[in-house]
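Spelled out, the chains give:
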Amino acid sequence: DLPDFEPATLEGKISDSLLAPEFSLTLNSMSGDLSIDGSIDIPDKRYAINMKYSGLELGKLAGIADMDRISGTINLAGKEFAPANMKINSSITIDSAVYRGYNWHDINIDIKGDNGSYNYLIKSADPSFESDLAGTVDLKDSIITGNISGYFNLDAGKLKFYGNMTAGGNLDAEMEYFPGNILTRISLK
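Residues numbered from 1 in each chain as written. Predicted model: local features only at pLDDT ≥ 70, side-chain atom pairs only at ≥ 80, totals over all residues. Heavy atoms only, no water.

S.K.: How do you make sense of the pairing of strand β12 (residues 166-178) when you look at a structure like this?
M.R.: Within a regular strand, side chains alternate between the sheet's two faces. As paired elements, strand β11 (residues 143-155) and β12 share twelve bridges and run antiparallel to each other. Within β12, the residue paired with Ile144 across the bridge is Tyr177. Where β12 lies against strand β13 (residues 181-188), eight bridges are found, and the strand directions are antiparallel. Opposite Glu176, over in β13, you have Leu183 as the bridge partner. Hairpin remark: β12 followed by β13, antiparallel, with two residues in the connecting loop; positive phi at Gly180, about 90 degrees. (Pairing = 2+ DSSP bridges. Helix = DSSP H or I, 4+ residues; strand = E, 2+ residues; numbered from the N terminus.)

Now the structure itself:
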């Protein structure tokens, strides 16, 4: 079921090419504001999209009861659409995201890579989720491997995840998945 929508205003332009459109669109509504600029070349499998969202009621729109409004940006550029073959350079910035009444803020995620090998960074200045984490994900045939390492400090109580618990330190973890088996190693110091 789709959620009920309030009145909205959509403005913008889309080029006359159906297979390789360039676009600039702005959506304003009581459920939040969204602006998207970019291009998609379907025959060449290339895309460049820059999106800014402000006060977007993600919880209401996606049916997530604990989620409220979110603001930030997404920048995405790449080639190919299948994860094992794509080349991608993307960044996600969360300026503000209200989840379970807590306002998360100042979170940055970067993802780069190609042909199934990807690097990511997760940096947060939010006082209840400080982090400086980096890792990789490799998609090769039916085997998926990944790792993450770096510093984090999580206040699960303030984030309303679990009581008054806090956790933090230097994390170093690896995971390997192949059909029928998952191997993991986690170190927290």
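S.K.: Help me understand the packing of aromatic side chains in this model?
M.R.: For any pair of aromatic rings, geometry is given as the distance between the ring centres together with the angle between the planes. Taken as a whole and assessed by the stated rule, the structure comprises five aromatic pairs. A connected cluster of aromatic rings, assembled from ring pairs, spans Tyr99, Tyr102, Trp104, Phe129 and Phe161. (Phe/Tyr/Trp six-rings, centres within 6.5 Å; stacked < 30°, edge-to-face > 60°.)

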